[in-house]
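# Report on the structure
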Amino acid sequence: DEALGQEVNERLMTWIPSVGIFAGKHEKLRASDFGRYAMLCHADTDDPDRLLLAAQCFAALFAVDDHYCDDLSLGGRPEKVAEMLSFAITAIDPVYLPAPFDEELSQQQTCDPVIRGLLSYMKRVGQFSTPSQVARVRQITIAMFVTMAAEAPWRIYGTQPTIAEYLASRQVNSFWPCQVLIDVIGGYEVPANLYSHPQIHRISALAALATTLVNDLYSAYKEHLKESGDFKLPYLLAARHHCSLQEAIDKAADIHDAVMQEYSTLEKHLLNNAAPLTKRYLKGLTTWVAGNLEWHKHSARYHI
């Protein structure tokens, strides 16, 4: 529904200046089309207000990555990443301080557009979620911040993780904090005990890894031009196998496909005799995987 995606994108572009993220890059952000991304990934609702929450999630978390980690023009500095991400947790999980430190904290948060964006996003999460769903969003987002911080020493000291270490990191430093909204956007709740069931956790983790490997693949040439792609999977594979970037991209695609094969096998197993709520979540997860691939194919964020 392209018209719906456009409406969500316009609503998002009204919200972006109100928090101040991506200053000077708004047209580039509009072309990234996070509204279409939200529409594609959440096919079980056509409510633009709910889809706006998904688009705000994309924008807020991409802002963390761009402002803190990757984009020097937005202030990204490897030596400050862990410190900035640690403080960003205060926007995800509220901090309760006695006076006057509560006001000091609030003033410090207000000075950072990324923190303002996260605070605004989390406020919206609370409007659509149960306390259990909010807790899930907090847990998975904070876990992502921890793994994002791990890349900074790799950059500073010129070290490289093993392929296994990188993939383990990418399962968490991934789109999982966005996928955790599947039931929230759909207007229902996957109970905590079901979401944490080992097999549901496993298929959610596989979806997070697969969708993020798609990002590694589609951003490879963009990162090559920026000369900042040392820690994307194709670059690690090129260094490990002493091969060309294109050969490494092919190897990365094979790894993605192996993850998706495991995902498909597990999905088929889980759908056998599954309860309606489980089936709905699994359908939402597979829709997210498909929507993610479609968005990466066409988003201006990855066109060069």
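Look a little higher up for the structure.
First things first, this report covers the structure right here in the doc.

Rules used throughout
- Numbers given to residues run from 1 along each chain, matching the order in which its sequence is written.
- Under the rules for a predicted model, residues below a pLDDT of 70 receive no local features and side-chain atom pairs below 80 are neither given nor counted, while totals for whole chains, interfaces and linings still include all residues.
- Side-chain calculation: all heavy atoms of the structure are included, whereas hydrogens and water are not.
- Strands here mean DSSP runs of E at least two residues long; helices mean DSSP runs of H or I at least four residues long; both are numbered from the N terminus.
- Burial classes follow relative accessibility: with a 1.4 Å probe on protein chains only, a residue under 20% of its type's maximum area counts as buried, one over 50% as exposed, and anything between as partly exposed.
- Residue contacts are counted whenever heavy atoms from the two residues lie within 4.5 Å of one another.
- Paired rings are identified among Phe, Tyr and Trp, the last through its six-membered ring, by centres lying within 6.5 Å, and are further divided according to the angle between planes into stacked (under 30 degrees), edge-to-face (over 60) and tilted (the rest).
- The patch calculation keeps residues exceeding 30% relative accessible area without a salt bridge and links them within 9 Å when they carry like charges or within 5 Å when they are nonpolar (Val, Leu, Ile, Met, Phe, Trp, Tyr).
- Only the protein chains shown count as cover for residues, and the accessible areas themselves come from Shrake-Rupley with a 1.4 Å probe.
- Every case where a carboxyl oxygen of Asp or Glu lies within 4 Å of a side-chain nitrogen of Lys or Arg is listed as a salt bridge.
- Residues counted as positive are Lys and Arg, residues counted as negative are Asp and Glu, and His and the chain ends are not counted.
- Charged side chains are reduced to one point each, which is NZ for Lys, CZ for Arg, CG for Asp and CD for Glu.
- Joining through side-chain atoms within 4.5 Å is the link that ties buried Ala, Val, Leu, Ile, Met, Phe, Trp, Tyr and Cys residues into a set, and such a set is a nonpolar core.
- For every element, the axis is a line fit to its C-alpha atoms; helices are fit only across the contacting stretch, and the angle between N-to-C directions ranges from 0 to 180 degrees.
- Angles are sorted into four bins: roughly parallel if under 35 degrees, roughly antiparallel if over 145, roughly perpendicular if 65 to 115, and oblique for all others.
- Here a crossing is called left-handed whenever its near helix is offset anticlockwise from the far helix by less than a right angle, and right-handed whenever the offset is clockwise.
- Under this grouping Gly is polar, as are all residues other than the nonpolar Ala, Val, Leu, Ile, Met, Phe, Trp, Tyr, Cys and Pro and the charged Asp, Glu, Lys and Arg.
- Polar contacts, as used here, are pairs of N or O atoms within 3.5 Å; protein pairs need one atom able to donate a hydrogen and one able to accept it. Residues neighboring in sequence count only if both atoms are side-chain atoms.

### Here we look at the side chain of Asn215
With respect to the secondary-structure elements, Asn215 resides in helix α13 (residues 198-218). According to the relative accessible area criterion, Asn215 is buried, its value standing at 7%. Setting aside residues up to four positions removed in sequence, Asn215 forms contacts with Arg170, Phe175, Lys232, His296 and Tyr302.

### Comments concerning the packing of aromatic side chains
Inspection of every chain in the model, using the stated rule, returns 13 aromatic pairs. Relative to Phe62, the ring of Phe34 has its centre 5.2 Å away and its plane inclined at 10°; by these criteria the two rings are stacked. Here Phe34, found in helix α3 (residues 34-41), pairs with Phe62, found in helix α4 (residues 48-70); they are 28 residues apart in sequence, far enough to count as distant. Owing to a relative accessible area of 0%, Phe34 belongs among the buried residues under this scheme. Take Phe62: its relative accessible area is 10%, and that puts it in the buried class.

### Side note on a negative patch on the surface
Together, Glu247, Asp250, Asp254 and Asp257 line one region of the surface with negative charge. Considering the arrangement of structural elements, one finds Asp250 in helix α16 (residues 245-271). The class for Asp250 is partly exposed, based on a relative accessible area of 41%.

### Some remarks on the nonpolar core
One finds Phe34 and Leu118 to be the most contacted residues of the largest nonpolar core, which totals 102 residues. Here this core takes 15 residues from α4, the largest share from any one element. Those residues within four positions of Leu118 in sequence are excluded, and the remaining contacts are Ala60, Leu61, Val64, Ala88, Ala91, Ile92 and Phe145.

### A word on the pattern of salt bridges
Applying the stated rule across the entire model yields 15 salt bridges. Here Arg301 ties to Asp66 by a salt bridge, and the two come within 3.0 Å at their closest N and O atoms. Here Arg301, found in the segment after α17 (276-298), pairs with Asp66, found in helix α4; they are 235 residues apart in sequence, far enough to count as distant. A relative accessible area of 10% means that Asp66 is categorised as buried. The shortest N-O distance in the salt bridge between Arg136 and Asp183 comes to 3.0 Å. In this pair, Arg136 sits in helix α8 (residues 131-157) while Asp183 sits in helix α11 (residues 182-186), placing the two residues 47 residues apart along the sequence. Taking the relative accessible area as the measure of exposure, Arg136 reaches 7% and is therefore buried. A relative accessible area of 1% places Asp183 in the buried class. Salt bridges sharing common partners tie together Glu2, Arg36 and Glu294.

### A look at the packing of helix α1 (residues 2-19) against α3
Closest axis-to-axis distance for the α1/α3 pair is 7 Å, and the angle between their directions is 130°. Judged on the interaxial angle alone, α3 and α1 are oblique. Considering the relative orientation of α1 and α3, their crossing is right-handed. Listed contacts from α3 to Glu2, Leu4, Gly5, Val8, Asn9 and Leu12 of α1 are Phe34, Gly35, Arg36 and Met39. Grouping the amino acids of the contact of α1 with α3 by side-chain chemistry returns five nonpolar, three polar and two charged.

### Points about a nonpolar patch on the surface
Where nonpolar side chains cluster on the molecular surface, the patch consists of Val95, Leu97 and Phe101 and spans about 250 Å² of accessible area. With respect to the helices, strands and loops of the structure, Phe101 is situated in helix α6 (residues 101-110).

### Topic: the side chain of Thr141
Along the polypeptide, Thr141 turns up in helix α8. On the basis of relative accessibility, which here comes to 1%, the residue Thr141 falls in the buried class. Within the structure, the side chain of Thr141 is placed 2.7 Å from the backbone oxygen of Val137, a separation counted as a polar contact. Sequence-distant contacts of Thr141, that is, excluding residues within four places in its chain, are made with Leu61, Ile92 and Pro177.

### Quick look at unusual backbone geometry
Going from Ala99 to Pro100, the amide bond is cis rather than trans, its omega being 5°. Looking at where Pro100 falls in the secondary structure, it is placed in the loop between α5 (81-92) and α6.

These values are about where atoms sit, not about what they do.
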